[in-house]
Amino acid sequence: MKSKTDVSLTDFRKETRAWLEENCPMSMRKPIKVANDFYWGGRNPKFSSEDQKIWFERMLEKKWIVPYWDIKYGGGGLSQDQNNILTQEMSRLGCRKPIYSFGISMLGPALLEFASEEQKMKYLPDIVEGKIWWCQGYSEPNAGSDLAGLQTKAVDKGDYFEVTGSKVWTSYADKSDYIFCLVRTDFESSKHNGISFLLIDMTYDGVSTRPIKLISGKSPFCETFFDSVNVPKENLVGKLNEGWTIAKYLLTHERQMIGGIGETDIKKKLHQIALENLPLIKGKLVDGILRNEISNFEMDEEIFDLTIQRVTDEAKTGNNSGALSSFFKYYATELNMSREELILALSGSDGLVFEKNYKSDGNLARKFCRSKGNSIEGGTSEIQLNIISKRILGLPS
Amino acid sequence: MKSKTDVSLTDFRKETRAWLEENCPMSMRKPIKVANDFYWGGRNPKFSSEDQKIWFERMLEKKWIVPYWDIKYGGGGLSQDQNNILTQEMSRLGCRKPIYSFGISMLGPALLEFASEEQKMKYLPDIVEGKIWWCQGYSEPNAGSDLAGLQTKAVDKGDYFEVTGSKVWTSYADKSDYIFCLVRTDFESSKHNGISFLLIDMTYDGVSTRPIKLISGKSPFCETFFDSVNVPKENLVGKLNEGWTIAKYLLTHERQMIGGIGETDIKKKLHQIALENLPLIKGKLVDGILRNEISNFEMDEEIFDLTIQRVTDEAKTGNNSGALSSFFKYYATELNMSREELILALSGSDGLVFEKNYKSDGNLARKFCRSKGNSIEGGTSEIQLNIISKRILGLPS
Amino acid sequence: MALIISEEQKMLKESAAELLKIKSPVNSLRDLRDQNYIPYDKSLWNEMVEMGWTALIIPENFNGLNFGYVGLGQILEETGKNLCKSPLISSCLLSSSVINLCDNEVLKAREFPLIMNGTKTMTLAIEENSYHKPYDFRTRAKLEGGNYIINGLKTFVIDGSTSNEIILVTEIAEGEIGFFIINREQKGIEIKNNILLDSGTYSDIKFNDVIVPKENRMNIKINGKELLKDILAIAYSGIASEMLGIIVESFDITVSYLKERQQFGVPIGSYQALQHRASKMFSEIQLCKSIVIKSLQSIDYGDKERYKYSHLAKAKLGKTIKLVTNEAIQMHGGIGVTDDADIGFYMKRARVLQQLFGDYNFHLDKLATLNKY
Amino acid sequence: MALIISEEQKMLKESAAELLKIKSPVNSLRDLRDQNYIPYDKSLWNEMVEMGWTALIIPENFNGLNFGYVGLGQILEETGKNLCKSPLISSCLLSSSVINLCDNEVLKAREFPLIMNGTKTMTLAIEENSYHKPYDFRTRAKLEGGNYIINGLKTFVIDGSTSNEIILVTEIAEGEIGFFIINREQKGIEIKNNILLDSGTYSDIKFNDVIVPKENRMNIKINGKELLKDILAIAYSGIASEMLGIIVESFDITVSYLKERQQFGVPIGSYQALQHRASKMFSEIQLCKSIVIKSLQSIDYGDKERYKYSHLAKAKLGKTIKLVTNEAIQMHGGIGVTDDADIGFYMKRARVLQQLFGDYNFHLDKLATLNKY
């Protein structure tokens, strides 16, 4: 016999499905292909199509931009079960997200956990409405793996902080309105204790950006420079000198996202790509080494997906799996890099084409190059292995 | 035009060849097969055959037991060039060594470098004549990789040292007459500074041994225990508390031997073994993975042999290659372990036989097990990699 | 299906862990070996029987526990952890499965009670040379009058030295595969025993005109080839379960050792090179756990993809068991290669299991073939 | 033969290192790329000509330097270290070798001076699709009257966009292989250029009824297949020499970075996990050095085993270059994936060289085939 909640969830699913089918434009149900397919919002929002605009506005009106946040912050106030259903139904139809936003994925959770009520009311509704495009300022040229070694300083000047320094790997900083930043506010105490979490308007005097070109070509990454930027004290989130707590909270969050938990993987099977490129003799790929490498890769890929499922299932029974996020991040990125290596290998000289020409768009080689960053961004593989050995295996320092 | 030296070397080679052909019994020209084929000498020498005895005695009379040592120590007084020729001619005929002796290979070089003239005169001639069977006492249960952390102590009691402690991995300690040992003589100073090099008669009161069984079965290794053993002070080699210098000298020596420089490798080609065991289809091994692994192994094996040659050739031009001994030790042992793994893999269930039966002598599986020690004995692979990174690459501690 | 074990299965696993910890520490394997290779401890086997392990996969209508392969897998994982020797693989995993999947109901009624109460052990004779080639028969069964006449050689038969009955799979006519149950005392059977790396006894069994009555044919209407395919999936998954136990335990022993063993004044586990290698092993073990439970479940639920999962399990576990047992010995240093240390026994058992029912190479090749490349 | 270079070869190598360090730092590759992929720096090429590099493998009776492939290999190693772009591979390593090994003496007398003084560059068109299959021809040359008529497609032609002459290898009749020298302006030739990962230009060249006079056939009596075999050995060893330069230099850059880059208050090179990985790379590089010099020597001395050594060289270097360039980027961390850092350019060039004339897989397979397994 179904419980009341079950019944209402079933109804909710039905209604959700019907609403999505009626309101999500067909073009918004197609996979993301080019940069324009993302809508980012911001002070000067640019919709790349009428459908993109309609879809965002309908979802905003329905309060489903961030369906699981509290209604008072502009969220939809859905329960976790309802939110899961909505996510499932959206992915069933292939609906794109109405907006892509580090405000929703990264800053929001930090604000909800650490900000004052006033700050929540000030920033969260704007995030939901897509009025502010946020970017993230963590890493610095000399503080990569050693994030807490950051040097950008915020000096207390009475009413305001004076911020000087630079950040690197700030995605879309050149297009963003605001940056959330880790800055050093105490220069005496141990390095983890003197860090604060600050929100900085990119239009403040003294803020500038420079795009970063990668080995794969253009990228959304920037360097961001702060030259004696005055930042009001009310822009501090959490307590002074306790920003490291917020950083750690968000890093675990980020690792889980990169590790791919919950992402729907629609990658083509590697052996399919091989079969399109390479000849068979007696039903086997002629290149025996490649055949074995593909088989070994697909073994690991398939079992890794099962592992995501197993750990998720175990978590439901109360086995906390938080510490495993480093394993997922490490393994997922290593797998993706192997995948790109194998695709390059099985494509022969065609796969090496880097500039668009009559036979290739060059994307394969660029994706290959881009994958080299996987095991570096979001915490290097070395850092993840350190975390596993210390936090999971309990090996001594 | 040939120089005078060249002419006399050519003559030397001719004479050497003739002498060996006349004096080396045919049975002493066959490869070593069983433990009995080694002659070790000692206070109670055991020749396993008349030929073994004749061969030893003739070489002794010819002063070719240790041909390159000084005549006054019982050596043959040969130049390096002459010694090389003798070695070449012996390996050309396949002559066995007349005696196997850690006295010659390990202790002798240390005595020549560090001992007093009196000690040299006392010990070296006996080594040459095979009167004393020496074993080596370095490692201790708690001092493996951290050799300098050894705990066996030699307390100064006026005329003598009182030695208490234990050694492990002392090959043939149960059959040896004497052991050369590292002992701690200073308990205050830093651990490398308080070590001395001591010679201990195995018949002294308080010395006992216990054989070590390995995963491969019986072994020549023993544990050796010292229970308040009184050792005369004249048995100290080198200066008090400066034994670590001798130890380092001998370790580099040992690594080069294990690394296989100068050894003639008569191992069967791996692919030959494969062809004897496994079926071909269209001229290729059916198991494609194994085929690639064998090909990859033989690539590395062949190029490693070339590398020994290259480094030897470079050394001749004065490029000192001493620091490379860690590389050779590391790579040679890893290669041998891969080889044993592959032989096991390609032998199927037959290769797993551990006890002699109607179809196998079990040696294959035992050799496989024994190979697991290669990357541990004589300094672990980890220690070798540490040495490479510090002494060759100059990476910081 | 959630990829977790049920509360019932968990209890079963814990009770096994408890029993084996007390009754079968690694030292008992050393003892059995040193007593001229005793195949297994009979009194411990009796306890296993009492615990119901011989009844785990037998259906309820034959008074079995019907706990399925996920259940049996938990037991095998625990025997792996303890390197416990018993006829569980030969008799319960393999032989009971054949009897159960066949359609000889007389046989079921007769043999299941004897297996369950421990009166009889059985084994499955499948290999015919040194490599796993399950569909490549050179043995033959020929129907003559009311009997089959069997000739040929079976190798690598687990517990062939102690099993009461031998289940033989062989070709009858071109493409027709039959399973036969044959008493070891039958005339014309010649058993030669081999002691392998894991101190286990495996037999080469020769059949010289062995006469087997028609009633001893186990698959009557059921297609022998399909049956063999299912038995193999069960074998792969079951062996993988024991391998998981070996991997997990040798890793745990090693991590403990890394914390204890001091060199240069610090625990060796504080060296980053060893830490990273340990973390990589940890990661591979995560994958091993997932595929073992998935493949066991897929058999219990008759999942169409069970063949694929069983290949994945045997391949992944085969690759990982080599990595982990080699690293375990290396990280133990000198002590690791002595017979006094337990860790070498894990490596030795690992190598036998890696060969048994096909090595990593075999299964990776099959996976590629399944995907038609 | 001692496995060392002679004093003369050493001087040649050092002079190359000196020139390239000043005239061709990695930044000049970045500049060429940013100027719409200029294929190479012509003024630097003129200096190379003046240094005599175009004459290195040309025999003395044609006024060449006759320095052999060990000599040319030293130069290629240095261009590898500096990622220096030039027609050395296409024109000197490949084309000059074909002319030299052929028996068309008229051609030698005519073309060698032009190659040596830098008036002409040439290239060898060998591949016909995306993979290295040197004996698998779909192009055809047909003798009609006094001319050959050539049809087909050649791919992955190095410097096809700039070379004055194209040397084409193709099948004439079943099993008969011919080498032809063809001017790029010849009617019926269609050249399409591709910019690859290393910022180099490689061409697909289509031959549509291209008429080639009989005199342009390069191998007159010499067996084309044997000739091709030798040209390939030269190509494998020469490419391996450049790969060695890339491996050595990207390793050195990385080791320096490990000493400089501080994180957590210490140089990252003090972390043992990175140290061990660096030491392993160092070890593989030792092997690379040995096989490159051995394979070059074996060509110079006409060693019967030169084919084997050239496969060994391309296989080992292919495997190691992947390891080293990947590790180099990873050890550089974030900076390593930016275009501002040099290290990415090494990885990109490495991947092209690994494919050029067959990857690791190809050569490992050939080695197994040579040993008949």
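Residues numbered from 1 in each chain as written. Chains lettered and ligands numbered in written order. Predicted model: local features only at pLDDT ≥ 70, side-chain atom pairs only at ≥ 80, totals over all residues. Heavy atoms only, no water.

Caption draft 1: Local environment of the environment of Ser49(A). Residues and elements named next belong to chain A. Along the chain, Ser49 falls in the loop between helix H1 (4-23) and helix H2 (50-62). We classify Ser49 as partly exposed; its relative accessible area is 29%. On a C-alpha basis, the gap between Ser49 and Arg92 in space is 23 Å, while along the polypeptide they are 43 residues apart. Separated by 3.0 Å, the side chain of Ser49 and the backbone nitrogen of Gln52 make a polar contact. (Helix = DSSP H or I, 4+ residues; strand = E, 2+ residues; numbered from the N terminus. Buried < 20%, exposed > 50% of the residue type's maximum accessible area, 1.4 Å probe, protein only. Polar contact = N/O pair within 3.5 Å; in protein donor to acceptor, adjacent residues only side chain to side chain.)

Caption draft 2: The domain arrangement of chain A, seen in detail. If you check the domain split of chain A, you get domain 1 (9-100), domain 2 (134-246) and domain 3 (267-392). Each of domain 1 of chain A and domain 2 of chain A was reduced to a C-alpha centroid, and the two centroids are 31 Å apart. (Domains from an automatic or database assignment.)

Caption draft 3: Molecular detail of the interface of chain C and chain D. Taken residue by residue, the interface counts 5 residues in chain C and 5 residues in chain D. In total, chain C and chain D occlude about 410 Å² of area from one another, counting both sides; carbon and sulfur atoms represent 53% of this. Where chain C meets chain D, there are 0 salt bridges. Here chain C is connected to chain D by 2 residue pairs in polar contact (both at pLDDT 80 or more). Class assignment for the residues of the side of chain C that touches chain D results in 3 nonpolar, 2 polar and no charged. (Contact = heavy atoms within 4.5 Å. Buried area = accessible area lost by both parts, 1.4 Å probe. Salt bridge = Lys/Arg side-chain N within 4 Å of Asp/Glu carboxyl O. Nonpolar A, V, L, I, M, F, W, Y, C, P; charged D, E, K, R; others polar.)

Caption draft 4: Spatial organisation of the packing of aromatic side chains. Overall, the coordinates contain 62 aromatic pairs over all chains when judged by the stated rule. Each ring, one from Phe12(A) and one from Trp64(A), has its centre 6.4 Å from the other, and the planes form 65°; the classification is edge-to-face. Here the residue Phe12(A) occupies a position in helix H1, and Trp64(A) occupies one in the loop between H2 and helix H3 (80-93), the gap between them amounting to 52 residues. Residues Phe12(A) and Trp64(A) agree in their burial class; the two are buried. An angle of 85° between the planes, with centres 6.4 Å apart, marks the rings of Tyr138(A) and Phe180(A) as edge-to-face. You can see Tyr138(A) sitting in the loop between strand S1 (134-137) and strand S2 (153-156) and its partner Phe180(A) sitting in strand S4 (residues 178-184), a full 42 residues away along the chain. For the residue pair Tyr138(A) and Phe180(A), the accessibility class agrees, reading buried in each case. What links up through ring pairs into an aromatic cluster is the set Phe38(A), Trp40(A), Tyr100(A), Phe102(A), Trp133(A) and Tyr172(A). Cation over ring: Lys233(B) sits above Phe161(B), and NZ or CZ is 5.6 Å from the ring centre. A cation sits over an aromatic face here: Lys308(D) above Tyr309(D), 4.9 Å from the ring centre. (Phe/Tyr/Trp six-rings, centres within 6.5 Å; stacked < 30°, edge-to-face > 60°. Lys NZ or Arg CZ within 6 Å of the ring centre and 35° of its normal.)

Caption draft 5: Representation of unusual backbone geometry in the model. Residues and elements named next belong to chain D. Despite not being glycine, Tyr37 has its phi angle at roughly 60°, a positive value. Position of Tyr37 among the secondary structure elements: in the loop between helix H2 (26-34) and helix H3 (42-51). For Tyr37, a relative accessible area of 13% gives the class buried. The residue Phe357 is not glycine, and still its phi comes out positive at about 60°.

Caption draft 6: Quick peek at the relation of the copies chain C and chain D. For these two chains of identical sequence, chain C goes onto chain D by a turn of 180° and a shift of 0.0 Å along the axis, with RMSD 0.0 Å. Considering both components of the superposition, the chain copies are consistent with a two-fold axis. Within chain C, the C-alpha atom positioned nearest to the axis of rotation is that of Ala273(C), 1.9 Å from it. (Least-squares fit on C-alpha atoms with pLDDT ≥ 70 in both.)

Caption draft 7: Seen up close, the packing of helix H8 (residues 272-300) of chain D against helix H9 (residues 306-332) of chain D. All names here are of chain D. For the pair H8 and H9, the least separation of the axes is 9 Å and the interaxial angle reads 155°. The orientation of H8 with respect to H9, classified from their angle, is roughly antiparallel. In the packing of H8 onto H9, the handedness of the crossing is left-handed. (Axes fitted to C-alpha atoms, helices over the stretch in contact; angles between N-to-C directions. Parallel < 35°, antiparallel > 145°, perpendicular 65-115°, else oblique. Left-handed = near helix turned anticlockwise from the far one by under 90°.)

Caption draft 8: Spotlight on the pairing of strand S4 (residues 165-171) of chain C. All names here are of chain C. Counting buried positions along S4 gives 7 out of 7 residues, so the element sits mostly inside the fold. Where burial is concerned, the two faces of S4 agree: the one with Glu165, Ile167, Val169 and Glu171 and the one with Ile166, Leu168 and Thr170 are both buried. Pairing between strand S1 (residues 122-125) and S4: 4 bridges, direction parallel. Across the sheet, residue Met122 finds its bridge partner in S4, namely Glu165. In this structure, S4 lies alongside strand S5 (residues 177-183), joined through 7 bridges in antiparallel fashion. Residue pairing across strands places Leu168 opposite Phe180, the latter belonging to S5. (Pairing = 2+ DSSP bridges.)

Caption draft 9: Spotlight on the packing of helix H11 (residues 381-392) of chain B against H8(D). Axis separation between H11(B) and H8(D) bottoms out at 8 Å; the angle between their running directions is 85°. On the basis of the axis angle, H11(B) is roughly perpendicular to H8(D). Of H8(D), the residues touching H11(B) (which contributes Glu382(B), Leu385(B), Asn386(B), Ile388(B), Ser389(B), Lys390(B) and Ile392(B)) are Gln272(D), Gln275(D), His276(D), Ser279(D), Lys280(D), Phe282(D) and Ser283(D). Its residues assigned to classes, the contact of H11(B) with H8(D) shows 4 nonpolar, 7 polar and 3 charged.

Caption draft 10: How the structure looks around the environment of Ile65(A). Residue and element names in this part refer to chain A. Examined against the element boundaries, Ile65 turns out to sit in the loop between H2 and H3. Taking the relative accessible area as the measure of exposure, Ile65 reaches 9% and is therefore buried. Ile65 has contacts with Phe56, Met59, Leu60, Pro98, Ile99, Ile104 and Val128, leaving out every residue within four places of it along the chain.

Caption draft 11: Structural context of the domain arrangement of chain C. Residues and elements named next belong to chain C. Parsing chain C into structural domains produces domain 1 (7-121), domain 2 (123-216) and domain 3 (224-370). The distance between the C-alpha centroids of domain 1 and domain 3 comes to 21 Å. Contact with domain 1, which involves 23 residues of that partner, is made by 26 residues of domain 3. Buried surface at the junction of domain 1 and domain 3, summed over both partners, amounts to about 2100 Å²; 73% is from carbon and sulfur atoms. Between the two partners, domain 1 and domain 3, sit 2 salt bridges. One salt bridge in this structure joins Asp342 and Arg30, with 3.1 Å as the shortest N-O distance. Viewed at the interface, domain 3 and domain 1 are joined by 8 residue pairs in polar contact (both at pLDDT 80 or more). Mapped onto the side of domain 1 that touches domain 3, the elements with two or more residues apiece are helix H2 (26-34), helix H4 (68-82) and helix H5 (88-101). Among the elements that line the side of domain 1 that touches domain 3, the one with the most residues is H4, at 11 residues.

Caption draft 12: Just the interface of chain A and chain D, in detail. On the chain D side, the residues contacting the 45 residues of chain A number 41 residues. Where chain A meets chain D, there are 3 salt bridges. Across the pair Asp204(D) and Lys359(A) runs a salt bridge whose closest N-O atoms are separated by 2.7 Å. Listing elements by their share of the side of chain A that touches chain D, those giving two or more residues are helix H8 (288-316), helix H9 (325-347), helix H10 (363-371) and helix H11 (381-392) of chain A. It is H9(A) that contributes the most residues to the side of chain A that touches chain D, 5 residues altogether. Grouping the amino acids of the side of chain A that touches chain D by side-chain chemistry returns 21 nonpolar, 12 polar and 12 charged.

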